[in-house]
Amino acid sequence: MSIRHEWWQRLRGAFGRRPELTELDEELSAHLAMLADEYEAQGMAPLEAARAARLALGGQAQIKEAYHDQRGLPFLESIGQDLRYAARSLRSNPGFATVVLLTMALGIGVNTSVFSVLYSAWFAPMNYAEPSALADVSVKNLQNGWQTGGTTWANFADWSAANHVFTGLGAYRIQHLASLTGGGEPEEVSLARVSANLFPLLGVEPALGRGLGELDDRAEGSRSAVLSYGYWQTHFGGDPGVLGRSIAVDGEPFAVVGVMPKGFAFPPGWPVVYQPPLWLSLNLTAEQRIQRGSHALGVVGRRRPGLPLGQAQAEMEAIVARLAAAYPKENSGYGAWVTPLSETRQAREVRPALALLMAGACLVLLIACVNVANLLLVRGAARRREFAIRQALGVSGRRLLRQVLTESALLGLLGGAAGLVVAWICLPLMQALLPRSLPHMAEIRLNPAVLAFSATCSLACGLLFGLAPAFHASRVSIEHALRQSARTIAPRSRLARGLVVAEMGLALVLLTTGGLLAESFRRVSSVNFGFDRERVLTMRVTLPKQKYGSAARILAFRRDLLAKAAQLPGVHILGTVDAIPLGTLMSGTDFDIEGRPVQPRQHCGLGKVSGDYLRAMGIPLRAGRYFTQGDRAETERVAVVSESISRRYWPQGGAVGRRIRLDETGGDDWFTVVGVVGDVRQLRADRPPEETIYTLNEQMDEAAQKNSTARLNVLVVRATNDPAPLAASLRQVLREIDADQPAADVMTMDQLVDRNIAGRKLNAFLLGSFSVLALILAAIGLFGTVSAMVAGRSAEIGVRMALGAGPGSVASLVLREAGSLAVAGLLLGALGAAAASRVLQGFLYDVHPGDPRVLAAVAAVLGLAMLAALLTPVRRALGVDPLTVLRED
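Cut-offs used in this document
- Residues numbered from 1 in each chain as written.
- Predicted model: local features only at pLDDT ≥ 70, side-chain atom pairs only at ≥ 80, totals over all residues.
- Heavy atoms only, no water.
- Helix = DSSP H or I, 4+ residues; strand = E, 2+ residues; numbered from the N terminus.
- Buried < 20%, exposed > 50% of the residue type's maximum accessible area, 1.4 Å probe, protein only.
- Contact = heavy atoms within 4.5 Å.
- Areas by Shrake-Rupley, 256 points an atom, 1.4 Å probe, with all protein chains shown as cover.
- Patch = residues over 30% accessible without salt bridge, like charges linked within 9 Å, V, L, I, M, F, W, Y side chains within 5 Å.
- Salt bridge = Lys/Arg side-chain N within 4 Å of Asp/Glu carboxyl O.
- Polar contact = N/O pair within 3.5 Å; in protein donor to acceptor, adjacent residues only side chain to side chain.
- Core = buried A, V, L, I, M, F, W, Y, C linked by side-chain atoms within 4.5 Å.
- Disulfide = S-S within 2.5 Å.
- Phe/Tyr/Trp six-rings, centres within 6.5 Å; stacked < 30°, edge-to-face > 60°.
- Axes fitted to C-alpha atoms, helices over the stretch in contact; angles between N-to-C directions.
- Parallel < 35°, antiparallel > 145°, perpendicular 65-115°, else oblique.
- Left-handed = near helix turned anticlockwise from the far one by under 90°.
- Pairing = 2+ DSSP bridges.
- pLDDT = per-residue confidence, 0-100.
- Nonpolar A, V, L, I, M, F, W, Y, C, P; charged D, E, K, R; others polar.

A. Region of the structure containing the overall build of the chain. Regarding its fold elements, the chain presents 29 helices and 22 strands. Within the chain, the fraction of its 889 residues that count as buried is 52%. Residue pairs at least 24 apart in sequence account for 81% of intrachain contacts in the chain once pairs closer than 6 positions are excluded. For the chain, the accessible area works out to roughly 38,800 Å², and carbon and sulfur atoms hold 58% of it.

Right, here's the structure in full:
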């Protein structure tokens, strides 16, 4: 100790005289040799003694850095010196740097991946001029406050003339399930019919050709089409000569007049699969321009500069109220609904799930930051002598604080760079799992905004997890550090213990969330949908009104399709329906019951089917019979009802033999119930089965046989074996019947079910993955803290063992220390999980947030992980040699 004390005095005096670095090197070398000799005299091997001496001096490089610090360098030069020092410090401890970088890479990579999805679906700016001034103008149902949709052209004209808050209003109408030909193979798409002023209102001009003309809004104008850039490229090869070419929509010709620029999409926020590939002129007839009953037009408005959204809402409410008073039959019960155009209903529907995923990703990153902060605290304890040397040479605590923060910021940025690699790998996997309902899915990528988020997140995290270690480094006691022996002793830091408690609590929150969502997905996947989905293939065919405008033509098409498909090898039984269970569309009807009061009328789902549909779907018969070949257009009208209808309206004697009248037929014809079948779930697996009435297509009246739902035909084929190979054959059959008719949703029922629950699958998979990461990080954090505790108390453990303490007593000492952390972490996590359960309620199916089985499984998994993390520290504690420890101390 006297030698080192003498050396410190001489070194301080030398720095007071500011010697040249060569003199400093000689002085350091001399005292390094003296210390090495002293350690060799204590029994150390020469190489071990040299290493111990270098550790005691803090290394020549560190003292040279302190010399530069004392000179007072310019700010930029000192920052560069801090970066070089940080890089050299990380290179000297590659194991520590690797662990930290991997931890940060996982945390930042997960956040970057999820944020890229969140940004494209939520925050990405629309490709319009001054998009913040654009508003969606809709109507709402005053009775329940729901947004119900658009308006009529006559109302739209009145809105445009009467308002003073918008510089202009544009109209559009979505046309779903349109048959498109003229660009290659026939295909079924969703289209938008738009007013001539819509594109100028959005501030977007076509990249090729022109937009729509004002006369195109009327039936006497030309039928014009403007293509999207993507459709132009994929279907016409980017040929500039596309202008003037004709394409057919539902058999009606339209002339291509323009191509919109790359990246343009309208309506915004729509899922990619439903985004219109082209926009058509409205071509409204004189009757359509004056009617006020069909509220089918969406409206976009551009607010005047500086005018708040609230003022636009108030004026539109007044205009809608005046129209309701003037035309009560068509407009009563409606109010105005003005929202930013970016806040479309389609975008809003996916935001809760995306917010949940982002919250889970942020928890993973927070756990990673806590873990790294703990590692830095342990490393900082091992570097106390180094920090003491620097302070003894005159380095201020503020400079030490900055240097340690620079090192942690460098770690954060390097971790962020590694995180980008992780995100680049994860994004394709995420896109494969994303549901079809997600808007802007094709735009998910590592764009500049996402890279900026990643860089900001990396730097912020680096500074966040470096604050506590930097603060500790700047407050090192020189005298205490110099009294330590040459070997590193890690202190029992309260902050480190608190960080482990927080880490375990956060991990428990994520594990509970992931466990509940996984159980919810398991249950929704095993739901009985009410039909046998094995060996079933579906194909949807939407017949255009222009070509199939009569009931006779629709019926002939359906008969040809069933007859030709039945001849295919491997087909067991088949039928058609207008709305497949779990599909995107469904129809309904009001009905009366014979002998019951007319009011209030009852409502249920309606399935218009061919005779063998119920058998093809495997919907079980509960009472009566299925439809038979004897049920024809000229025979008695019959119906089959679901058992929920039978239970509700005929709880005693059942529904068979009863008679009902359907609003769909529009007449006084009564249907006799001949059978009761099992309930079938529609649209969403997490909703209860809907009461349904099944009728035969040919027994409906003329109007019902040719309306829009009658032109929807979903062919259901039950195969003798695997149905997938039948897909190509069914398409060929359709081409033989009508070469211009596209097929859509050619998929098995298993695929249809998977599509229906894709959102839940994504939530369960990603949050389950986040939970596993959180568990691993929490286990690493506990391992590191308890290992440091064992190292810091090795002398105490050695004394206990020298006094007769057995292995059980030593293991109990370590386990008590870890157990207190685990209990505190579990209590904290339980509180967090209870708070998170309120948010989770809307994402769960048939699972209560407090489900004891899920909570018990989560606790067991966390407990096993913690025990696994403690095995090595306990083994190290049991391996302490009392003689060695007592000799060294």
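B. Molecular detail of a nonpolar patch on the surface. A cluster of nonpolar side chains, contributed by L366, L464 and L467, occupies part of the molecular surface with about 260 Å² of accessible area. Judged by its relative accessible area of 47%, L464 is partly exposed.

C. Local environment of the side chain of S138. Along the chain, the position of S138 falls in strand β1 (residues 134-141). In this structure the side chain of S138 is engaged in a polar contact, spanning 2.6 Å, whose partner is the side chain of D136.

D. Seen up close, the nonpolar core. In this structure, L438, L517, F770, L782, V786 and M866 are the most contacted members of the largest nonpolar core, which totals 69 residues. Those elements giving two or more residues to this core turn out to be α6 (94-123), α13 (345-382), α15 (397-433), α18 (494-525), α25 (758-792), α27 (807-840) and α28 (852-878). Among the elements that line this core, the one with the most residues is α25, at 15 residues. Among all residues touching M866, those that are not within four sequence positions of it are M504, A778, A779 and L782.

E. The arrangement of helix α7 (residues 153-162) in detail. W153, A154, N155, F156 and W159 are the residues of α7 that are buried. Structurally, α7 contributes buried residues whose contacts are with β1, β3 (166-181), α10 (286-290), β10 (298-303), α11 (309-326) and α12 (328-331).

F. Region of the structure containing the state of the cysteines. Per the counting criterion, the structure on display carries zero disulfides. Summary of cysteine pairing: C457 is not part of a disulfide, and the nearest cysteine sulfur, belonging to C461, is at 4.0 Å. Assessed through its relative accessible area of 13%, C457 is described here as buried.

G. Structural view of the environment of I693. In this fold, I693 is placed in strand β20 (residues 692-696). As for I693 and V641, which are separated by 52 residues in sequence, their C-alpha atoms are 4.5 Å apart. In contact with I693, other than residues within four places in its own chain, are F591, C604, G605, L606, G607, A639, V640, V641, I645, I660 and L662.

H. Local environment of the packing of aromatic side chains. Applying the stated rule across the entire model yields 15 aromatic pairs. With centroids separated by 3.9 Å and ring planes inclined at 15°, the aromatic side chains of F115 and F453 adopt a geometry described as stacked. Residue F115 is located in helix α6, and its partner F453 is located in helix α16 (residues 448-474); the two are separated by 338 residues in the primary sequence. Relative accessible area serves as the criterion here: at 13%, F115 is assigned to the buried category. Among the residues examined, F453 registers a relative accessible area of 22% and is labelled partly exposed. Between F199 and F264 the ring centres are 5.6 Å apart and the planes differ by 90°, which places this aromatic pair in the edge-to-face class. Residue F199 is located in helix α8 (residues 198-202), and its partner F264 is located in the loop between β8 (252-259) and β9 (278-281); the two are separated by 65 residues in the primary sequence. Its relative accessible area of 9% is what places F264 among the buried residues. Taken together, the ring pairs connect Y128, F199, F264 and W279 into an aromatic cluster.

I. Representation of the side chain of N371. In this fold, N371 is placed in helix α13. A relative accessible area of 1% means that N371 is categorised as buried.

J. Structural detail: the packing of helix α19 (residues 551-566) against helix α23 (residues 726-737). Remark: α19 packs on α23, axes separated minimally by 10 Å, with the N-to-C direction vectors making an angle of 140°. Viewed along their axes, α19 and α23 adopt a mutual orientation that is oblique. Classified by chirality, the crossing of α23 by α19 is right-handed. Touching F557, D560, L561, K564 and A565 of α19 are L730, V733, L734, E736 and I737, all from α23.

K. Here's a closer look at the environment of R523. Within the fold, R523 resides in helix α18. Given the relative accessible area of 14%, R523 is considered buried. The spatial distance from the C-alpha of R523 to the C-alpha of D846 is 7.1 Å, given a sequence separation of 323 residues. Once residues lying within four places of it in the same chain are set aside, the contact partners of R523 are Y845, D846, V847, D851 and R853. Within the structure, the side chain of R523 is placed 3.3 Å from the side chain of D851, a separation counted as a polar contact.

L. Just the pairing of β20, in detail. Of all the five residues making up β20, five are buried; the element is thus mostly covered by neighbouring parts of the structure. Burial along β20 is two-sided: the residues T692, Y694 and L696 and I693 and T695 are all buried. Relative to β20, strand β15 (residues 602-609) is paired through five bridges, and the arrangement is parallel. Within β20, the position partnered with K608 by the bridge is T695. Pairing of strand β17 (residues 638-642) with β20 involves three bridges; the strand directions are antiparallel. Opposite A639, over in β20, you have T695 as the bridge partner.

M. Expanded view of the pattern of salt bridges. One pass over the structure, following the stated rule, counts 21 salt bridges. Between R223 and E252 there is a salt bridge, and its shortest N-O distance comes to 2.3 Å. Here R223, found in the loop between β5 (208-209) and β6 (224-227), pairs with E252, found in strand β8; they are 29 residues apart in sequence, far enough to count as distant. Its relative accessible area of 30% is what places R223 among the partly exposed residues.

N. Just unusual backbone geometry, in detail. Backbone torsion omega between F266 and P267 reads 0°, so that peptide bond is classified as cis. In the Ramachandran plot, N283 falls in the positive-phi region, its phi being about 50° despite a non-glycine side chain. For N283, the location among the structural elements is in the loop between β9 and α10. Overall, N283 belongs to the buried group, its relative accessible area being 6%. With a phi angle near 60°, R535 is a residue other than glycine that sits in the positive phi range.

O. Spotlight on the pairing of β1. Among the eight residues of β1, six are classified as buried, and the element is accordingly described as predominantly covered. Bridge count for β1 against β10 is four bridges, and the pairing is antiparallel. Within the sheet, the bridge partner assigned to A135 lies in β10 and is G301. Sheet topology note: the β1/strand β11 (residues 334-340) ladder contains seven bridges and is antiparallel. Counted as the bridge partner of K140 is G335 from β11.

P. Structural view of the confidence of the model for the chain. For the chain, mean pLDDT is 79; residues scoring 70 or higher make up 81% of the total. For the stretch residues 1-27, pLDDT sits under 50, and the model shows 40 contacts to residues farther than four places along the chain or on other chains. Every residue in residues 64-73 scores below 50 in pLDDT, and together they form 29 contacts with partners more than four places removed in sequence or on other chains.

Q. Spotlight on the packing of α27 against α28. Direction vectors running N to C along α27 and α28 enclose 145°, while the axes themselves pass 10 Å from each other. As for the relative orientation of α27 and α28, their crossing is right-handed in sense. Touching P807, V810, A811, V814, L815, A818 and L826 of α27 are L862, L870, V874, A877 and L878, all from α28. Here the contact of α27 with α28 is composed, by residue class, of 12 nonpolar, no polar and no charged.

R. Region of interest: the environment of S195. Looking at where S195 falls in the secondary structure, it is placed in the loop between β4 (187-194) and α8. Taking the C-alpha atoms as reference points, S195 and S281, 86 residues apart in sequence, are found 6.5 Å from one another. Only 2.7 Å separates the side chain of S195 from the side chain of N197, close enough to count as a polar contact.

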